[in-house]
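# Topology and contacts: notes
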Amino acid sequence: MSCAAPTGRSSRSYDISFGTSRLLKNALQCLPLPLAEGRGEGGLLDSSLKAGRLPIMTNAARAICTLLVAVSLLAAAPAAGQVLEREVVIVTPDAGDERVTQTHDAVAFWNETLSDLDLGVRLRETDLVVASENRALENYARLISQRGGRLPRGAAGPQPPRELIDLGADVVVLLSRQPLMPFAWPLPGSTNYFVAIRAVEPRRPGDDKVLRNVIAHELGHTLGLTHNRATATLMCGPCSSAAAEDNPLEWLPLTADDRARLRALHGAQ
Ligand SMILES: [Zn+2]
């Protein structure tokens, strides 16, 4: 079965004033993923912050968060024989940004994987928003990247901006201009996610492969996957994203536990 082709994709442009962002100098990393302690939806933040400075989620709290994520996704599961489409909107500062193509590739990877597993969910790109500068989403991304992993128990986190909600997507992927760590963050009270991917400058050989795997990793979170400790796998965390560059495969593999979790969450068609 072919990958689900993006249909109905359109392009919009608008300009919002925003300060100059710093260029990134380091290669991408997907370091410790502290589940935001106390966030019922299980906030997923791939942070460059030192793990030791972040609140460590207890096994019990992690289990509760995992259960709540599973329950919310199960509630959105389609009936037998139906395929649920989760709409993905990409927000980019430049239509020619290489990360747009990398996001297309990551979506295609997931749709092929979900098809191979006979699961009842797909990702569908519905819009490409070209915003040369985007203060509201960039500010929200910065807040999440700085504070998401340190929220006190029960905190809802920063309020999503209206500009994000109005996009009306199940998953909004911001190709950020900031030097922030990539993350997938569940929006309060819904199964929707806000994903932020940082820019990488200057580019190095191998960055394309790493970035595609990082984006696929974050989209994996939006499908309900959490981190594992299996090195050189897509959902490994904390792990260095250099594994993607060194791996001969185009995409880092899923583990048996990842596939079992996807089947449990999204069922068979
Ligand atoms: Zn992660």
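Residues numbered from 1 in each chain as written. Predicted model: local features only at pLDDT ≥ 70, side-chain atom pairs only at ≥ 80, totals over all residues.

### Overview of the overall build of the protein chain
Rules: Runs of E in the DSSP output that reach at least two residues are strands. Runs of H or I that reach at least four are helices, and both are numbered from the N terminus. Each residue is classified by how many other C-beta atoms fall within 10 Å of its C-beta atom, where C-beta atoms are placed from the backbone; a count of 20 or more means buried, 12 or fewer means exposed, and values in between mean partly exposed. Whether two residues are in contact is decided by their C-beta atoms, placed from the backbone, lying within 7 Å.
Check the secondary structure of the protein chain and you find seven helices and seven strands. Start at the N end of the protein chain and walk to the C end: the helices and strands fall as β-β-α-β-α-β-α-α-β-β-β-α-α-α. Looking at the 269 residues of the protein chain, the share that counts as buried comes to 42%. For the protein chain, restricting intrachain contacts to residue pairs at least 6 apart in sequence, the fraction spanning at least 24 positions comes to 71%.

### A short note on unusual backbone geometry
Omega for the bond connecting G237 with P238 falls within 30 degrees of zero, at -5°, which places this linkage in the cis form. Relative to the assigned elements, P238 resides in the loop between helix 5 (207–222) and helix 6 (242–246). We note that D118 has phi near 55°; this positive angle belongs to a residue other than glycine. Positionally, D118 belongs in the loop between helix 2 (98–116) and strand 4 (121–131).

### Re helix 7 (residues 256–266)
Under the convention used in this document: As used here, the arc belongs to the directions running from the helix axis to the C-beta atoms.
Of all the positions in helix 7, only D258, R261, L262, L265 and H266 are classed as buried. Across the axial projection of helix 7, the buried residues extend over an arc of 105°, all falling on one side. Pointing more than 90 degrees away from the buried face of helix 7 are the exposed residues A256, A260 and A264. Immediately beyond the C-terminal end of helix 7, within one or two residues, lies G267, with a positive phi of roughly 60°.

### A closer look at the nonpolar core
As a reminder, the rule being used: In these notes, a nonpolar core means any group of buried Ala, Val, Leu, Ile, Met, Phe, Trp, Tyr and Cys residues linked to one another through C-beta atoms within 7 Å.
Ranked by size, the top nonpolar core spans 55 residues in total, and within it V91, V172, V173, L174 and V195 carry the most contacts. Per-element tally for this core: the top contributor is helix 5, with six residues. Residues within four places of V173 in sequence aside, it is in contact with V88, I90, V91, T103, V195 and I197.

### Quick notes on the confidence of the model for the protein chain
What counts here: A score from 0 to 100, pLDDT tells how confident the predictor is in each residue.
When the pLDDT values of the protein chain are averaged, the result is 75; 68% of them are 70 or greater. For the protein chain, strand 1 (residues 11–14) is the element with the lowest average pLDDT, namely 27, and strand 5 (residues 171–175) is the one with the highest, namely 98. Here residues 1–43 is modelled with pLDDT under 50, and outside its nearest four sequence neighbours on either side it reaches 122 contacts, counting other chains as well. Low pLDDT, under 50, characterises residues 47–71; the stretch is placed with 40 contacts to residues that sit more than four places away or in other chains.

### Focus on the packing of helix 2 against helix 5
Just so we agree on the cut-off: A fitted line through C-alpha atoms serves as each axis, taken over the contacting stretch for helices, and the angle formed by two N-to-C directions is quoted from 0 to 180°. Any angle from 65 to 115 degrees is called roughly perpendicular, while one under 35 is roughly parallel, one over 145 is roughly antiparallel, and all others are oblique. Definitions for this section: a left-handed crossing has its near helix turned counterclockwise from the far helix by less than a right angle. A right-handed crossing has that turn clockwise. Under the convention adopted here, Pro, Cys and the residues Ala, Val, Leu, Ile, Met, Phe, Trp and Tyr are nonpolar, Asp, Glu, Lys and Arg are charged, and Gly plus all remaining residues are polar.
Between helix 2 and helix 5, whose axes approach to 8 Å, the crossing angle comes to 55°. By the angle class used here, helix 2 and helix 5 are oblique. In the crossing of helix 2 with helix 5, the sense of the turn from one axis to the other is right-handed. Only D208, L211, R212, I215, A216 and L219 of helix 5 make contact with helix 2, whose side of the interface consists of E98, R99, Q102, T103, D105, A106, V107, F109 and W110. Its residues assigned to classes, the contact of helix 2 with helix 5 comprises eight nonpolar, two polar and five charged.

### Things to note about the pairing of strand 4
For a regular strand, side chains alternate in direction, first toward one face of the sheet and then toward the other. The following threshold applies: Handedness of a crossover: with both strands directed away from the viewer, a clockwise path from the first strand across the helix to the second marks it as right-handed.
By the criterion of burial, strand 4 is predominantly enclosed, with eight of the eleven residues buried. With respect to chirality, the unit in which strand 3 (residues 84–92) leads through helix 2 into the neighbouring parallel strand 4 is right-handed.

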